[in-house]
Amino acid sequence: MEKPIAPDIQAPPAADSREDTNKKLAALLELIAVADQAAFAEFYELTSRRVFGMARRVLIDPELSEDTTQEVFIQVWQNAGKFNPQAGSPLAWLMTIAHRRAVDRVRSSQSATDREARYGANSQDIEHDSVSAEVDSKLEAEAVVKCLDTLTETQRESVRLAYYGGLTYREVAERLNAAVPTIKSRIRDGLIRLKSCLGVV
């Protein structure tokens, strides 16, 4: 199987209705399960923009998002036969895989604090018609909120402005009237404390 190229995020979404799209995706998954590469290429073309959008929302960094997108489609190629149409739509199944992959990448990344992260990725509305995906997201969000309360006030404010406000280190520094190295230190220490609280190794 050839490694899928990074998705063109400017490509327009498919014009098919949601129901028709889900029927088409389910049919393609059946073909992918028997190693049909043409079906896999079509499935990728129809869904890669959504998967990349999900990864970008979680990871911020576009290169990590591209890598994660590729990992998601490798998993689709290997596990298409496990898709159960009775458990939810193909798109919900795919987005659940994408969300979990992106969260796993966040948890395993040891070099995130060494990069000048790029913030402010546009939010994308993603259709979640899978109850399990929504429950996972809400539980993770609740855990993060609780752990944010364990930070010092300055750490919490810096992390919120950076990750929820989409500001760069420099913009956070200007907003809080502090030096950029100080802000970097606050965010780094805050993330370390968050990792510990969330049980991330």
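These figures come from a predicted structure and were not determined experimentally.

Caption draft 1: Looking closely at the packing of helix α1 (residues 18-32) against helix α2 (residues 37-59). α2 packs onto α1 with a crossing angle of 145 degrees between their chain directions and a minimal axis gap of 8 Å. α2 is crossed by α1, and the crossing has left-handed handedness. Contacts from Lys24, Leu25, Leu28, Leu29, Leu31 and Ile32 in α1 reach Ala39, Phe40, Glu42, Phe43, Leu46 and Thr47 in α2. When its residues are assigned to classes, the contact of α1 with α2 shows nine nonpolar, one polar and two charged.

Caption draft 2: Representation of the confidence of the model for the protein chain in the model. In the predicted model, the protein chain carries a mean pLDDT of 75, and 72% of its residues have values of at least 70. Between the elements of the protein chain, mean pLDDT differs from a low of 59, seen in helix α5 (residues 131-148), to a high of 90, seen in helix α3 (residues 62-79). Every residue in residues 6-16 scores below 50 in pLDDT, and together they form 15 contacts with partners more than four places removed in sequence or on other chains. Between residues 110-136, whose pLDDT stays under 50, and residues either more than four places distant or in other chains, the model counts 42 contacts.

Caption draft 3: Spotlight on the packing of aromatic side chains. Inspection of the entire model under this criterion finds five aromatic pairs. Relative to Phe73, the ring of Phe40 has its centre 6.4 Å away and its plane inclined at 80 degrees; by these criteria the two rings are edge-to-face. Taken as a pair, Phe40 in helix α2 and Phe73 in helix α3 lie far apart in primary sequence, 33 residues in all. Comparing Phe40 with Phe73 shows no difference in burial state: the two are buried. Between the aromatic rings of Phe40 and Trp77, the centroid separation amounts to 5.3 Å while the plane-to-plane angle is 75 degrees, which identifies the pairing as edge-to-face. Within this pair, whereas Phe40 is found in helix α2, its partner Trp77 is found in helix α3, the two being separated by 37 residues in sequence. In this structure an aromatic cluster arises from ring pairing among Phe40, Phe43, Tyr44, Phe73 and Trp77.

Basis of the calculations
Residues numbered from 1 in each chain as written. Predicted model: local features only at pLDDT ≥ 70, side-chain atom pairs only at ≥ 80, totals over all residues. Heavy atoms only, no water. Axes fitted to C-alpha atoms, helices over the stretch in contact; angles between N-to-C directions. Helix = DSSP H or I, 4+ residues; strand = E, 2+ residues; numbered from the N terminus. Left-handed = near helix turned anticlockwise from the far one by under 90°. Contact = heavy atoms within 4.5 Å. Nonpolar A, V, L, I, M, F, W, Y, C, P; charged D, E, K, R; others polar. pLDDT = per-residue confidence, 0-100. Phe/Tyr/Trp six-rings, centres within 6.5 Å; stacked < 30°, edge-to-face > 60°. Buried < 20%, exposed > 50% of the residue type's maximum accessible area, 1.4 Å probe, protein only.

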